[in-house]
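Residues per chain, in single letters:
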Amino acid sequence: MTGNTTAWSSPTHFDNPLALKRADPHIVRHNDGTYYFTATVPTYDSVVLRRAATLQGLATAEEHILWRRHDSGEMSRHIWAPELHHVDGRWYVYFAAGSSEDIQSIRMYVLENSNPDPLAGTWVERGRIRTPWDTFALDATTFEHRGVRYLAWAQREPGVETNSNLYLAPMDDPWTVGDEPVRLSMPTHDWETRGFRVNEGPAALARHGKVFLTFSASATDSNYCLGLLTASADADLLDQTSWEKNPEPVFATNTGTGQYGPGHNSFTVTEDGADVLVYHARPYDAGVGDPNRHTRLQTFEWKHDGSPDFGVPVPD
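Let me begin by describing the structure that accompanies this report.

The rules behind these values
Residues numbered from 1 in each chain as written. Predicted model: local features only at pLDDT ≥ 70, side-chain atom pairs only at ≥ 80, totals over all residues. Heavy atoms only, no water. Salt bridge = Lys/Arg side-chain N within 4 Å of Asp/Glu carboxyl O. Buried < 20%, exposed > 50% of the residue type's maximum accessible area, 1.4 Å probe, protein only. Pairing = 2+ DSSP bridges. Helix = DSSP H or I, 4+ residues; strand = E, 2+ residues; numbered from the N terminus. Axes fitted to C-alpha atoms, helices over the stretch in contact; angles between N-to-C directions.

So, the pattern of salt bridges
Here's step 1: Enumeration over the complete set of coordinates arrives at 16 salt bridges.
Here's step 2: For D290, the salt bridge identified is with R282, shortest N-O distance 3.3 Å. Each member of the pair, D290 together with R282, is buried.
Here's step 3: Across the pair D316 and R296 runs a salt bridge, and its minimum N-O distance is 2.9 Å.

Rendered as structure tokens:
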């Protein structure tokens, strides 16, 4: 998906790429101001974590291995898209993994650490996140809105002819889905179905009386791009009709700035509170499987209607 080729400058300068060969990046700023950064590593064999006092400092921060894949069985292949969350005083890592018996049997798993320092203590395997279907599932993320904790994720639903759709459900605890999930979105537009019919990588953000859920669409080559779902903050988030999908992608390949296949984002803030889009992209046109998906940062603005304006991927 090739977008506008006009150059666009970010209001806050970052030295991009932040991290080479780190895809599906997730950055969280803890309540003490510390930044934590995790991402998919190209060996697909571990969960890693960096810590720094500043966003840019994550580029040179030491990378620690929190957990390694099993030798065989479940959680032994394709360790993908980890996210670090602090819930009710404990740290959790959500990630996807395959099995040595079937490397494409991707499912979602959770690790827990009760230590205040996620680089200390012990990471305990809380096991698989169970959903109504035992099918390809990945990209779990969690957020709280108005006293309810939700899980959002991507999954292949039996009887639906897509690679993955987006789902949302309340949580009984940080590793257990509560009520039946609702399907929020499935790939139907042209820009969601190039190469593969994919909606994945949800990321939540609440601002200006609305809840936004970005997601990634199409194959993980230069067609990869970001879509956007929007709901009123007062709406029932578990009602599919509460959500409206933007008819066009909100962040896509830009040949003018030399960024291809931007996607699988997360959100954080700068030290002074500006909103930041965290994402990966390649510096050239490449196919699925190319390892050079690098983590990038850019601040973004807001439109008059209260929706995010991500602009275009800024040049390195």
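What follows picks up the thread again.
Here's the deal with the sheet that holds strand β6 (residues 90–98)
Here's step 1: Within the open sheet, the 4 strands sit side by side as β5-β6-β7-β8. Their pairing is antiparallel. Two strands bound the open sheet, and with one partner strand each, they are β5 (77–87) and β8 (124–128). On average, adjacent strands in this sheet sit at an angle of 25° to one another, irrespective of strand direction.
Here's step 2: Here strand β7 (residues 107–113) pairs with β8 via 4 bridges, running antiparallel. Bridging from a neighbouring strand, L111 pairs with E125 of β8.

Thoughts on unusual backbone geometry
What is expected of a backbone is that most residues other than glycine have negative phi and most peptide bonds are trans.
Here's step 1: In this chain, N16 is followed by P17 through a cis amide linkage whose omega measures -5°.
Here's step 2: Mapped onto the elements, P17 comes out in the segment before β1 (23–29).
Here's step 3: Positive phi outside glycine occurs at R146, with the angle close to 50°.
Here's step 4: Turning to its location among the elements, R146 is positioned in the loop between β9 (137–145) and β10 (148–155).
Here's step 5: The phi angle at S218 is positive, at roughly 70°, despite the residue not being glycine.
Here's step 6: Assignment of secondary structure puts S218 in the loop between β15 (210–217) and β16 (225–232).

Looking at the sheet that holds β1
Here's step 1: Taken together, the 4 strands give an open sheet; going across it, the order is β1-β2-β3-β4, and neighbouring strands pair in antiparallel fashion. At either end of the open sheet lies a strand with only one pairing partner, and these are β1 and β4 (63–68). Across the sheet, the mean angle separating the axes of adjacent strands is 25° when strand polarity is ignored.
Here's step 2: The pairing of β1 with strand β2 (residues 35–40) spans 5 bridges and is classified as antiparallel. From the neighbouring strand, R29 faces β2, where its bridge partner is Y35.

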